[in-house]
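Below, each chain spelled out in residue letters.
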Amino acid sequence: MSINQNSLSSAVHPRKILIANWKLHGSGSHVERWVQAVQTLEEIRSGQMQVILCPPAIWLERARGYVQGERLALGVQNVSAQSEGSFTGEISAAMAFEAGARYALVGHSERRRLFGETDQMVAAKVEQSAQAGLIPIVCIGETAEEKRAGQTEPVLARQLECLGALHGEPVSTLWIAYEPIWSIGTGIPAEAGNILAVAAFIRAHVASSDATMRNQFRLFYGGSVGAGNAAALGTLEGVDGFLVGGASVEADSMVALCRALV
Ligand code: PGA
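Rules of the game
- Residues numbered from 1 in each chain as written.
- Predicted model: local features only at pLDDT ≥ 70, side-chain atom pairs only at ≥ 80, totals over all residues.
- Heavy atoms only, no water.
- Core = buried A, V, L, I, M, F, W, Y, C linked by side-chain atoms within 4.5 Å.
- Buried < 20%, exposed > 50% of the residue type's maximum accessible area, 1.4 Å probe, protein only.
- Contact = heavy atoms within 4.5 Å.
- Near = heavy atom within 4 Å.
- Polar contact = N/O pair within 3.5 Å; in protein donor to acceptor, adjacent residues only side chain to side chain.
- Areas by Shrake-Rupley, 256 points an atom, 1.4 Å probe, with all protein chains shown as cover.
- Phe/Tyr/Trp six-rings, centres within 6.5 Å; stacked < 30°, edge-to-face > 60°.
- Helix = DSSP H or I, 4+ residues; strand = E, 2+ residues; numbered from the N terminus.
- Axes fitted to C-alpha atoms, helices over the stretch in contact; angles between N-to-C directions.
- Parallel < 35°, antiparallel > 145°, perpendicular 65-115°, else oblique.
- Left-handed = near helix turned anticlockwise from the far one by under 90°.
- Nonpolar A, V, L, I, M, F, W, Y, C, P; charged D, E, K, R; others polar.
- Disulfide = S-S within 2.5 Å.
- Salt bridge = Lys/Arg side-chain N within 4 Å of Asp/Glu carboxyl O.
- Expected span 1.5 Å × (residues − 1).
- Pairing = 2+ DSSP bridges.

**Q** Summarise the nonpolar core; cite the residues concerned and give the values.
**A** One finds Leu-18, Trp-34, Val-51, Ile-176 and Ile-202 to be the most contacted residues of the largest nonpolar core, which totals 68 residues. Here Trp-34 is in contact with Ala-20, Trp-22, Val-51, Leu-53, Leu-72, Ser-248, Val-249, Glu-250, Ala-251 and Met-254, once residues within four sequence places are set aside. Counting residues in each nonpolar core, the second largest holds 14 residues, with Ile-19, Cys-54, Cys-139 and Ala-177 among its members.

This is how it looks when you write it as structure tokens:
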């Protein structure tokens, strides 16, 4: 793969990025309070960090109405693998873009585990997202059993390799979030050494594979990140930011997390 090695170094991207994944939480009024509280933070206004809010899709447009300037970006938690047609309940990447999203979480472990998303569906969603102008943030990670069996690297490699099987044009910008499934929602983040080793593995794999990730690569960690551990995690070399679930939903908790990170 002709990936630009410079684009694999996070050292050239001093800003940390926090991706707030609300999952199935929140309300319309909560969106307003949250956006107002977070976007006025000095840490964000000064450009020291960027926040991407991924609320339930039905509130994207509402959130866009409260966002001022470029301080806060919006993402969608999931998109359809199809562009249009008879797919009741689905939301296409183009629809999410029109509602204000500029990023798309793809292949979150809850989507894979609870909604049967395969690596092939993940690849199709990456393609749909990129075609619609959304930056796909692909979530990969191993289960506790896979970790115990020493299978972390083969599992991650398989999840990454399917992205090389995209059919259409190469995806120019693709972000990866390493989210060990055993850490999500447990209050137990992966250890620093573990994250560093996996981050190095993912970067090396992306750099050497034939996948179509070419520019502006970013790597995230997700799993039980909160205000209590953000300062320590924030110093990890090669990690551009964090995908946060539980600690991102309440405005107070998110504000504390942002302050702890910078
Ligand atoms: P958590 O979730 O921060 O609640 O562990 C992370 C995620 O699922 O993206």
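More follows now that the structure is in view.
**Q** So what's going on with the site of the ligand? Residues and values would help.
**A** Asn-21, Lys-23, His-108, Glu-179, Ile-184, Gly-185, Gly-223, Ser-224, Leu-243, Val-244, Gly-245 and Gly-246 make up every residue found near the ligand. Interatomic distance of 2.7 Å between a backbone N/O atom of Gly-185 and an oxygen atom of the ligand. At 2.8 Å, a backbone N or O of Gly-245 approaches an oxygen atom of the ligand. Contact with the protein chains removes 95% of the 280 Å² of surface that the ligand exposes when unbound.

**Q** Describe the packing of aromatic side chains, with residues and values.
**A** What the rule picks out here adds up to 4 aromatic pairs. On the basis of an interplanar angle of 80° and a centroid distance of 5.5 Å, the ring pair of Trp-22 and Trp-34 is categorised as edge-to-face. Separated by 12 residues along the polypeptide, Trp-22 in the loop between β1 (16-21) and α1 (28-39) and Trp-34 in helix α1 bring together distant segments of the chain. Like Trp-22, the residue Trp-34 is buried in the burial classification.

**Q** Give me the packing of α1 against helix α12 (residues 251-261): which residues, what numbers.
**A** Two elements in contact, α1 and α12, have axes separated by 9 Å at closest approach and are oriented at 20°. Taken as axis vectors, α1 and α12 run roughly parallel relative to one another. Like other packed secondary-structure pairs, α1 and α12 cross with a definite hand, here right-handed. Within the contact between the two elements, α1 uses His-30, Trp-34, Ala-37 and Val-38 and α12 uses Ala-251, Met-254 and Val-255. Classifying every residue of the contact of α1 with α12 by side-chain character gives 6 nonpolar, 1 polar and no charged.

**Q** Which residues make up the state of the cysteines, and what values go with them?
**A** According to the stated counting rule, one finds 0 disulfides in the structure shown. Considering cysteine sulfurs only, Cys-139 is the nearest to Cys-54, which forms no disulfide, with 9.1 Å between them.

**Q** Can you explain the pattern of salt bridges? Please cite residues and give values.
**A** Evaluation of the coordinates by the stated rule reveals 9 salt bridges. Two residues, Arg-158 and Asp-119, come together in a salt bridge whose shortest N-O distance is 2.9 Å. Of the two residues, Arg-158 sits in helix α8 (residues 152-161) while Asp-119 sits in helix α6 (residues 119-132), which places them 39 residues apart along the sequence. In this structure, Arg-148 engages Glu-145 in a salt bridge whose closest nitrogen and oxygen atoms are separated by 3.5 Å. Of this pair, Arg-148 and Glu-145 are both found in helix α7 (residues 144-148), 3 residues apart, which corresponds to roughly one turn of the helix.

**Q** Describe α6, and please don't skip the residues or the numbers.
**A** Counted at 1.5 Å a residue, the expected span for α6 with its 14 residues is 20 Å, and the 20 Å between its end C-alpha atoms agrees. Within α6 the residues assigned to the buried category are Asp-119, Val-122, Ala-123, Lys-125, Val-126, Glu-127, Gln-128, Ser-129 and Ala-132. Of the residues trailing α6, Gly-133 is marked for its positive phi of about 95°.

**Q** With reference to specific residues and values, describe the environment of Ala-73.
**A** Inspection of the secondary structure puts Ala-73 in strand β3 (residues 72-76). Note on Ala-73: relative accessible area 14%, which makes it buried. Taking the C-alpha atoms as reference points, Ala-73 and Ile-52, 21 residues apart in sequence, are found 4.7 Å from one another. Setting aside chain neighbours within four positions, we find Ala-73 in contact with Gln-50, Val-51, Ile-52, Leu-53 and Tyr-103.

**Q** Tell me about helix α9 (residues 192-208), residues and numbers included.
**A** With 17 residues, α9 should reach 24 Å at 1.5 Å per residue; the first-to-last C-alpha distance of 24 Å fits that figure. Those residues of α9 lying buried are Asn-194, Ile-195, Val-198, Ala-199, Phe-201, Ile-202, Arg-203, His-205, Val-206 and Ala-207.

**Q** Report on the pairing of β1, specifying residues and quantitative values.
**A** With respect to burial, β1 is a largely interior element, 6 of its 6 residues being buried. Residues Lys-16, Leu-18 and Ala-20 line one face of β1 and the alternating positions Ile-17, Ile-19 and Asn-21 line the opposite face, and both faces are buried. The pairing of β1 with strand β2 (residues 49-54) spans 6 bridges and is classified as parallel. Bridge assignment links Asn-21 to a residue of β2, and that residue is Cys-54. Across 4 bridges, β1 lies against strand β8 (residues 241-244) in parallel orientation. If you follow Ile-19 over to β8, its bridge partner there is Leu-243.

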